[in-house]
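Overview (structure and organization)
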Amino acid sequence: MPLLFLLYVVNFLDRVNVAYAALDMTRDLRFSDQVFGFGAGVFFLGYLLLEIPGAIIVERWSARKWIARIMVTWGFVTLLTAFVHTERQFIIARFSLGLAESGFFTGILVYMRHWFVAQDRAKAVAMFMAAIPLSNFLGSPLAGLLLRLHWLELPGWRWLFILEGIPAVLLGVATFFLLTDRPRQAKWLPPDEREFLSAQLERDAHAPSSLPDTWRVLIHPPLMVLIVSCFLHFTGIFGLLYWLPTLMKRASGLPNLEVTLLVAIPYLFSVISQIANGWHSDRTGERRWHAALPVLVAGVALAVLATRASTLTLPQTVILYTLTSAGIYAYLGPFWAHTSNQLRGTVAAGATGSINAIASIGGFVGPYAVGALNTHTGTSKAGVVYLSLSVLISGLLMLVRISREKAVSLPS
């Protein structure tokens, strides 16, 4: 888990550093909000292409080799992003980064099923995904410092991509040697512990079969509701992720370093809320309310930010963005544990990849919608309203019960 956590921290640093680079890059390259929003979001159109194959590769081949390949590739693409000059180059670089990273997240989710029994998955997923807000908590002030650089006639935002791309390449090489695919291959575990854990995981993986294939699973009504909820959540989380530094700068008028320090505050509390909510979800065995309630709070906070922006003080603005971020991230552990517990067997890897691929389209829609609405209305209000509605509906859908809850068991 510590290694996976570190990999995901570096993954998200490279995925969202464009949000901080935008504080200067959009001015230097004369990008409109719509162009930046499209470029930030087009990452996900590349990202979804290998989600399903990537999950199946981890299930049937090797997580160690697949994840190592992904990291080296995305590290080099991040480095190349430092040298974009036009809108087209920016969009191609972002699409290529998404393609390079494709299969990483779902591969990790599938990999976790090889190591964690069902009752421990919410806190395991929450601990792993706490890397998202933590990477922003650490990366935000780091980005603020890197934006001040001006070496070799290159502005700081270009050095941001260069210096944050190198660790991914180095960790990709390390992953090849350090990661262990399955408990039976873990020479660092005593033999009796290897056998015990493997037996427990085998029982989880071989529940009775009721659905014949991945696509039948995806049109199963309860899972369709979860997919739409996840899609809307991705719309909100990535819309906020890519636009928060810019929104905070426009709200405060402060220099870049001070803005990045303010942005770090919501992410610090998001780390706490995500881990605590995943732990409590596992302790109680309840998933739906643990996923729904935090995002409903986040949606209300965003609605207040949109409707009262002109009357809010800076501390009030930071508090509301903190509630928003903490609520959005707290959703992740219980949601993926709930979904994972409904999918079993080899074909479940493809279903997990399919769910994440479909939901990832929301990662394109959110940033682009905010940018387009900002450009066409001349204000940030409409974009924030859009994000508010997305996360509110996402939370409400988690409470929908179409039929009696039961695991969807798949044939191996």
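Residue positions are counted from 1 within each chain, in the order its sequence is given. The predicted origin of the model limits local features to residues at a pLDDT of at least 70 and limits the giving and counting of side-chain atom pairs to 80 or more, whereas totals for whole chains, interfaces and linings rest on all residues. In computing side-chain values, all of the structure's heavy atoms are included and hydrogens and water are not.

What follows concerns the overall build of the protein chain. In terms of regular secondary structure, the protein chain is built from 18 helices and four strands. Looking at the protein chain as a whole, 61% of its 412 residues qualify as buried. Pairs of residues are marked as contacts when any of their non-hydrogen atoms sit within 4.5 Å. Of the contacts formed within the protein chain by residues at least 6 apart in sequence, a portion of 84% connects residues at least 24 apart. Numbered from the N terminus, helices here are DSSP runs of H or I no shorter than four residues, and strands are runs of E no shorter than two. A simple rule labels every residue: compare its accessible area, found with a 1.4 Å probe on the protein chains alone, to the largest value its type can have, and call it buried under 20%, exposed over 50%, or partly exposed in between.

Side chains that carry opposite charge are capable of pairing whenever their charged atoms lie near each other. Salt bridges are defined as contacts in which a side-chain nitrogen from Lys or Arg sits within 4 Å of a carboxyl oxygen from Asp or Glu. With the rule as written, the count across this model stands at six salt bridges. Among the salt bridges present, the one from Arg-27 reaches Asp-24, with a minimum N-O distance of 3.2 Å. You can see Arg-27 and its partner Asp-24 sitting in helix H1 (residues 2-28), three residues apart, about one turn around the helix. We classify Arg-27 as exposed; its relative accessible area is 54%. With a relative accessible area of 12%, Asp-24 lands in the buried category. We note a salt bridge from Arg-27 to Asp-28, for which the minimum N-O separation is 3.3 Å. Salt bridges sharing common partners tie together Asp-24, Arg-27 and Asp-28.

As a further point, take helix H6 (residues 104-113). Within H6, 10 of the 10 residues are buried, leaving the element largely enclosed by the surrounding structure. Taken residue by residue, H6 has Phe-104, Phe-105, Thr-106, Gly-107, Ile-108, Leu-109, Val-110, Tyr-111, Met-112 and Arg-113 as its buried positions.

A few words on the side chain of Thr-180. For Thr-180, the position within the fold is in the loop between helix H9 (156-178) and helix H10 (191-205). The class of Thr-180 is buried, set by a relative accessible area of 13%. In contact with Thr-180, other than residues within four places in its own chain, are Tyr-111, Trp-115, Gln-185, Ala-186 and Trp-188.

Further remarks concern the confidence of the model for the protein chain. pLDDT gives the predictor's per-residue confidence on a scale running from 0 to 100. The predicted model of the protein chain averages 86 in pLDDT, with 89% of residues at 70 or higher. The low-confidence segment residues 208-212 (pLDDT under 50) makes 13 contacts with residues lying over four places distant or belonging to another chain. In the model, residues 403-412 has pLDDT below 50 throughout and makes 36 contacts with residues more than four positions away in sequence or in other chains.

The next subject is a nonpolar patch on the surface. Exposure above 30% relative accessible area and no salt bridge define the residues that can form patches, which grow by joining like charges within 9 Å and nonpolar side chains of Val, Leu, Ile, Met, Phe, Trp and Tyr within 5 Å. Values of accessible area rely on a 1.4 Å probe in the Shrake-Rupley scheme; residue burial ignores everything except the protein chains shown. A surface patch of nonpolar side chains, amounting to about 530 Å² of accessible area, comprises Trp-151, Leu-152, Leu-163, Ile-166 and Leu-170. In terms of residues, the nonpolar patch owes the most to one element, H9, which gives three residues. Here Trp-151 falls in the partly exposed class, since its relative accessible area comes to 45%.

The next point concerns the packing of aromatic side chains. When two rings of Phe, Tyr or Trp (its six-membered ring) have centres within 6.5 Å they constitute a pair, described as stacked for plane angles under 30 degrees, edge-to-face for angles over 60, and tilted for the intermediate range. On inspection of all chains with the given rule, the structure shows 25 aromatic pairs. Between Phe-38 and Phe-364, the aromatic rings sit 5.5 Å apart at their centres with planes inclined by 85°, giving edge-to-face as the arrangement. Highlighted residues: Phe-38 in helix H2 (residues 33-47) and Phe-364 in helix H17 (residues 347-377), separated in sequence by 326 residues. Ring centres of Phe-43 and Tyr-47 lie 5.5 Å apart, and the angle between their planes is 25°; on these two criteria the pair is classed as stacked. Here Tyr-47 and Phe-43 lie together in helix H2, a separation of four residues that amounts to about one turn. Both residues of the pair, Phe-43 and Tyr-47, belong to the buried class.

Attention shifts here to the packing of H1 against helix H12 (residues 221-252). All axes are obtained by fitting lines to C-alpha atoms, using only the stretch in contact for helices, and the reported angles, taken between N-to-C directions, cover 0 to 180 degrees. The contact between H1 and H12 brings their axes to 8 Å, and the two run at 30°. When the interaxial angle is binned, H1 and H12 end up roughly parallel. Between H1 and H12 lies a crossing whose hand is right-handed. Here Phe-12, Arg-15, Val-16, Val-18, Ala-19, Tyr-20 and Leu-23 of H1 lie close against H12, whose contacting residues are Phe-238, Leu-241, Tyr-242, Pro-245, Thr-246 and Lys-249. The class makeup of the residues in the contact of H1 with H12 is 10 nonpolar, one polar and two charged. Each angle is binned into one of four classes, with values under 35 degrees roughly parallel, values over 145 roughly antiparallel, values of 65 to 115 roughly perpendicular, and all other values oblique. Take the far helix as your reference; a near helix turned counterclockwise from it by less than a right angle gives a left-handed crossing, and one turned clockwise gives a right-handed crossing. Residues are grouped as follows: nonpolar covers Ala, Val, Leu, Ile, Met, Phe, Trp, Tyr, Cys and Pro; charged covers Asp, Glu, Lys and Arg; every other residue, Gly included, is treated as polar.

This part is about the environment of Ala-124. Relative to the assigned elements, Ala-124 resides in helix H7 (residues 121-129). Taking relative accessible area as the criterion, Ala-124 reaches 3% and is therefore assigned buried. Spatially, the C-alpha atoms of Ala-124 and Asp-282 are 9.6 Å apart, while their sequence positions differ by 158 residues. Non-local contacts of Ala-124, meaning those with residues more than four positions away in its chain, are made with Met-1, Met-112 and Phe-116.

Where helix H14 (residues 288-307) contacts helix H15 (residues 314-330), the axes come no closer than 7 Å and their chain directions differ by 155°. On the basis of their axis angle, the class for H14 and H15 is roughly antiparallel. As H14 packs across H15, the resulting crossing turns out to be left-handed. On H15, the residues touching His-290, Pro-294, Val-295, Ala-298, Ala-301, Leu-302, Val-304 and Leu-305 of H14 are Thr-317, Leu-320, Tyr-321, Leu-323, Thr-324, Gly-327, Ile-328 and Ala-330. Residues of the contact of H14 with H15, tallied by class, amount to 12 nonpolar, four polar and no charged.

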